[in-house]
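# Per-entry structural report
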Amino acid sequence: MTELSTLSQWLHHLENQHHKAIDMGLARVQAVAQTADLLTLNCSVITVGGTNGKGSTVATLTAIYCAAGYKVGTYTSPHIIDFNERIAINNQPVSDELLIQAFNAVEAARAQSNISLTYFEFTTLAAFWIFKHAKLDIAVLEVGLGGRLDAVNIIDADVAVVTSIGLDHTDWLGDTREAISFEKAGIFRTHRPAIYGETNPPQPLVDHAQQIGAKLHIKHDDFSFEQQGQTWSFWGEKLTLTDLPKPCLALDNVATALAAIQYVSLSVSEQALKIGISQAKLAGRAERLHYKNIEIIADVAHNPHGASFFMQQLATMQGRTLAVFAMLADKDIAGTLAACLGRVDVWFVAGLDGTRGTTAEQIAPLLQNNGMYIGGKYQTVAAAMRAACQTAQAGDRILVFGSFYTVAAAKQWLQTQ
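Given the structure is predicted, the values throughout are model-derived calculations rather than measurements.

### Quick word on unusual backbone geometry
Here S77 and P78 are connected by a cis peptide whose omega angle stands at -10°. Looking at the secondary structure, you find P78 in the loop between β2 (72–75) and β3 (87–89). Unusually for a residue other than glycine, N91 sits at a positive phi of about 70°. With respect to the helices and strands, N91 occurs in the loop between β3 and β4 (92–93).

Next up, the structure:
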């Protein structure tokens, strides 16, 4: 292999090394992990899966354990701007140099095994290599796709969390919530705690937990929470908390994180819990940005379930709500737009590049079919942002959503203004 000296060279190389971008299954990645001695991380592990809410739950767990003084490794995907965002220690993205060192180590094990890995499999093993050498107290791992056959699932979690189940990635996971729930439940482990962050879980998830002897804890059955003005309370099997600070992130996901913390062996003080809840933030999740005197709220919601949740979090206001919107072609665009009915006054529709991208002309009819007003159709998110910001008046707000790519392009445009 040609010597690769920069992170961008490595990432370009990894994108073209396997014959499929997504190749579900654990056999290949497990074999390379075994060669590299990466099947355990020698620390506590929480694995977080689910259709939506994973990132906020992971961010809350990370902030709380950092506030408690532990050394915390966090693995998430995808990134918004820089690849380094995916692998963090104590909430700080790792350096290019450390990533290159990890990539070289994984490549040596991969070559020894003579096994081809996908981009995600390879980079996941690099994260595990970094975490193992960092001598962590706890690793918080976000599932990339599904759960049962996701590369993250080669690590046995002490506590497994499924935040929510909606229809997404149906080509890979099935086209019903029941089928998808079975794939998500694949991160559960025998005789270990499992958390479900919604009420009324699909039956296959419950059945799988019972079959393997995982103790399932369900929202409003086994843990609950209640908002009281600017504070809120949490009740769980091992934890009762009152006068908690209002979080920046969605309360449902913060409560799900607290439910998981109950069952990890690392002790966390009430003060650390409150500090962590206050400090937990996450780029691209109801993230508040500004352009002059206009508020911009960016969210990576990219399916009907996520869009509905995003809309529910928005406060009512006197001014208009404008939206900059772009989605990938393999997502449920019509369902996502339907979840926003009556919540957006003017739509600025943009295209996304790449083989999975769509054009504004492809999305526009879906808006028109629902009687939604289109302010303009644009080739790029940057052009849509410029038009929306020029149109917005004092008291209006702009929503930016539909994809990680949409939020990334919007934030990059804002940085140039």
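### Observations regarding the sheet that holds β3
In spatial order, the strands read β4-β3-β2-β5-β1-β6-β7-β8; together these 8 strands make up an open sheet with mixed pairing. Edge positions in the sheet fall to β4 and β8 (215–218), since each has one partner strand and no second. Pairing geometry for β2 and β3, over 3 bridges, is antiparallel. When the bridges of β3 are listed, G73 appears paired with I89.

### Side note on the pairing of strand β11 (residues 240–245)
Pairing of strand β10 (residues 231–235) with β11, which is carried by 4 bridges, proceeds in the antiparallel orientation. Directly across from W232, in β11, lies its bridge partner L244. If you look at the hairpin formed by β10 and β11, you'll find 4 residues sitting between the two strands.

### Some points on helix α3 (residues 54–67)
With 14 residues, α3 ought to run about 20 Å at 1.5 Å a step, and its terminal C-alpha atoms sit 20 Å apart, in line with that. Most of α3 is tucked away, with 12 of its 14 residues classed as buried. Buried residues along α3 sit in contact with β1 (44–49), β2, β5 (138–142), β6 (159–162), α9 (251–261) and α10 (270–279). Phi turns positive, to about 90°, at G69, one or two residues after α3.

Parameters at a glance
- Residues numbered from 1 in each chain as written.
- Predicted model: local features only at pLDDT ≥ 70, side-chain atom pairs only at ≥ 80, totals over all residues.
- Heavy atoms only, no water.
- Helix = DSSP H or I, 4+ residues; strand = E, 2+ residues; numbered from the N terminus.
- Pairing = 2+ DSSP bridges.
- Expected span 1.5 Å × (residues − 1).
- Buried < 20%, exposed > 50% of the residue type's maximum accessible area, 1.4 Å probe, protein only.
- Contact = heavy atoms within 4.5 Å.

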